[in-house]
Amino acid sequence: MKNKNCNYQYCCPTKLYIGQNNIDEIGKIITQDYGFHKVFLVYGSDRIKKDGTYQRVINSLDEHQISHDEYCGIEANPDIKDVRKIVERLREYNPDLILAIGGGSVIDACKSAAHGYYYKGDPLDFNKHKVQPLNSLKVGVILTIAASGSEMSDSCVISDRDKNFKGGFNDESNYPLFSLLDPTLTYSVPKKQLAFGLIDMFSHSFERYFSPSEEHEASDYLALATMRGIIDISDSVIKKENDYPSRKAMMILGSLSHNGITSIGKNKCFIVHQAEHYLSGIYPELAHGQGIALLLPAFIRMNSKILREKIHTFNQIVFSQNDASEAPLVKYISTLPIAQTFSELDFKIKAEDITHVEKMLCIR
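Basis of the calculations
- Residues numbered from 1 in each chain as written.
- Predicted model: local features only at pLDDT ≥ 70, side-chain atom pairs only at ≥ 80, totals over all residues.
- Heavy atoms only, no water.
- Helix = DSSP H or I, 4+ residues; strand = E, 2+ residues; numbered from the N terminus.
- Rg over C-alpha atoms; globule rule 2.2 N^0.38 Å.
- Buried < 20%, exposed > 50% of the residue type's maximum accessible area, 1.4 Å probe, protein only.
- Contact = heavy atoms within 4.5 Å.
- Areas by Shrake-Rupley, 256 points an atom, 1.4 Å probe, with all protein chains shown as cover.
- Lys, Arg positive; Asp, Glu negative; His and termini not counted.
- Charge placed at Lys NZ, Arg CZ, Asp CG, Glu CD.
- Axes fitted to C-alpha atoms, helices over the stretch in contact; angles between N-to-C directions.
- Left-handed = near helix turned anticlockwise from the far one by under 90°.
- Nonpolar A, V, L, I, M, F, W, Y, C, P; charged D, E, K, R; others polar.
- Salt bridge = Lys/Arg side-chain N within 4 Å of Asp/Glu carboxyl O.
- Expected span 1.5 Å × (residues − 1).
- Arc of directions from axis to C-beta.
- Pairing = 2+ DSSP bridges.
- Polar contact = N/O pair within 3.5 Å; in protein donor to acceptor, adjacent residues only side chain to side chain.

Asks: Account for the overall build of the chain, naming residues and giving values.
Replies: On a plain count of helices and strands, the chain comes out with 14 helices and 8 strands. Relative to a compact globule of 364 residues, whose C-alpha radius of gyration would be 21 Å, the chain shows 20 Å and is just as compact. The principal-axis extents of the C-alpha atoms in the chain amount to approximately 60 × 45 × 45 Å. Taken across its 364 residues, the chain has 57% of its residues classed as buried. Considering only contacts in the chain between residues 6 or more positions apart, those separated by 24 or more positions represent 79%. With an accessible surface of roughly 15,800 Å², the chain has 49% of that area assigned to carbon and sulfur atoms. Here the chain contributes 41 positive and 45 negative side-chain charges, whose respective centroids are spaced 3 Å apart.

Quick look at the structure:
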């Protein structure tokens, strides 16, 4: 496959704050770096209250005299119902900034609500590609789960569970204003969620690498290096509790994998993600990382002839294996504490749906 010659623009305006325990500086960052004094917090589960993250944020906001309101309860595969409720609350509160505390689901819900704040229609219109955002509230992020890369990406994925819809859209307005990466916040994340995160961030560069390329495609070298880095840290992330170096690398690699740098200079084609979104749109209990893990090897298998040379290079660089099949990737996924086949899931996915998504993986 060849990448069509095209003029290319690249923009990634999100500022990263990376450091140990820098969460305690969030109030200072908001007031001194951006001049904001009214914040609306959005988060998911009570994990951030149990591990102390929530109170540390509140203490820092109060210390810097930042008024705040909040919305709690964002679930995996964020639903448009929550976004609509957040928009109503935002219009009542009129904050300077939405502060997402969590992972990709929370961040994407905040992005959608930030656009919806100024939009008279349904925020889901953006994900259905009916309109593009013209104005948005600023979004800041405190990342607690490294996975989606949404903390530094132009992507926003939202579901409508009532209608089995799940879709994303890309726009520069989706980039957060800033993202705070404190690796210690990942210490309380369960191992299975860490594994889902590793697979998700891996897939972002995987799909960019396997998008059409020219000879000597610069971004392919970056994508391969990023994937190799994720493989190298995976064992430490899963097996070593509170290992700061590997958690720091995980957060940075997750951000780099989805901020566009590993596809700079070419167009990306996210076939696996489209297939997974279709599947988890029907089965919202399917974690995104889990669905991706089940589909990545199938993508290689379904496209082994047309992508043979690229697959061989991929296996050589990422896994140090002289192989042109999905075997090295399958072996890596088998080391992670997640389901290895559809039959191992805690719920049943219809055979016809599996067949359909596997057909979606074929390059046309």
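From this point, the narrative continues.
Asks: Can you lay out the packing of helix H7 (residues 191–209) against helix H9 (residues 244–257) for me, pointing to particular residues and giving the numbers?
Replies: Two packed helices can be described by the angle between their axes and the distance between those axes. Running from amino to carboxyl end, H7 crosses H9 at an angle of 35°, the nearest separation of the two axes being 9 Å. Taken as a pair, H7 and H9 cross one another with a handedness that is left-handed. Contacts between H7 and H9 involve Leu194, Leu198, Met201, His204, Ser205 and Arg208 on the former and, on the latter, Arg247, Met250, Gly254 and Ser257. In terms of residue class, the contact of H7 with H9 is built from 4 nonpolar, 4 polar and 2 charged.

Asks: How would you sum up the pattern of salt bridges? Please name residues and give values.
Replies: Any two side chains of opposite charge can pair, given that their charged atoms come close. Summed over all chains, the structure comprises 12 salt bridges. Across the pair Asp51 and Arg47 runs a salt bridge whose closest N-O atoms are separated by 3.7 Å. For Asp51, a relative accessible area of 31% gives the class partly exposed. If you follow the salt bridges from partner to partner, you end up with Asp220, Lys266 and Lys310 in one network.

Asks: Could you give an account of helix H12 (residues 308–319), with specific residues and numbers?
Replies: Taking 1.5 Å per residue as the helical rise, H12 with its 12 residues ought to reach 16 Å, and the 16 Å between its terminal C-alpha atoms agrees with that figure. Buried residues of H12: Lys310, Ile311, Phe314, Asn315, Val318 and Phe319, and no others. On an axial view of H12, the arc spanned by its buried residues comes to 135°, and they lie on one face. The inward-facing, buried residues of H12 abut H7, helix H8 (218–239), helix H11 (288–302) and helix H13 (327–334). Backbone geometry just after H12 places Ser320 at a positive phi near 55°.

Asks: Break down the side chain of Ser234 for me, citing the residues and quoting the values.
Replies: For Ser234, the location among the structural elements is in helix H8. For Ser234, a relative accessible area of 4% puts it in the buried group. Not counting chain neighbours up to four residues away, the residues in contact with Ser234 comprise Leu198 and Tyr332.

Asks: Residue-level account of the sheet that holds strand E4 (residues 97–102), with values.
Replies: The sheet built from 6 strands is open, its strands ordered E1-E8-E5-E4-E2-E3 with parallel pairing. Each of the sheet's edge strands pairs with one partner strand only, and the pair in question is strand E1 (15–18) and strand E3 (67–72). Ignoring strand direction, the axes of neighbouring strands in this sheet form an average angle of 20°. Running over the sheet, helix H5 (residues 104–116) touches strand E2 (38–43), E4 and strand E5 (138–143) and is turned about 165° from E4.

Asks: Can you tell me about unusual backbone geometry, naming the residues and giving the values?
Replies: Of note in this structure, Gln65 is not a glycine but carries a positive phi near 55°. Note on placement: Gln65 falls in the loop between helix H3 (53–63) and E3. If you check the backbone angles, His216 has positive phi at about 60° while not being a glycine. With respect to the helices and strands, His216 occurs in the loop between H7 and H8. The class of His216 is exposed, set by a relative accessible area of 60%.

Asks: Could you give an account of the environment of Leu134, naming the residues involved and the relevant values?
Replies: With respect to the helices, strands and loops of the structure, Leu134 is situated in the loop between helix H6 (124–127) and E5. Measuring from C-alpha to C-alpha, the distance between Leu134 and Ser173 comes to 8.3 Å, with 39 residues separating the pair along the chain.

Asks: Lay out helix H4 (residues 80–93) in plain terms, naming residues and giving numbers.
Replies: The terminal C-alpha atoms of H4 lie 20 Å apart, and with 14 residues this matches the ideal 20 Å at 1.5 Å per residue to within 8%. Within the sequence span of H4, burial applies to Ile80, Asp82, Val83, Ile86, Val87, Leu90 and Tyr93. Mapping the buried residues of H4 onto a view down its axis gives an arc of 145°, with all of them on the same face. Away from the buried face of H4 by more than 90 degrees, exposed residues Glu88 and Glu92 are located. Buried positions along H4 lie against E2, E3, E4, H5, H6 and strand E6 (155–160). The residue sitting at the N-terminus of H4 and contributing the capping side-chain oxygen is Asp79; that oxygen lies 3.0 Å from the backbone nitrogen of Lys81. Asn94 occupies a position one or two residues after H4 and carries a positive phi of about 55°.

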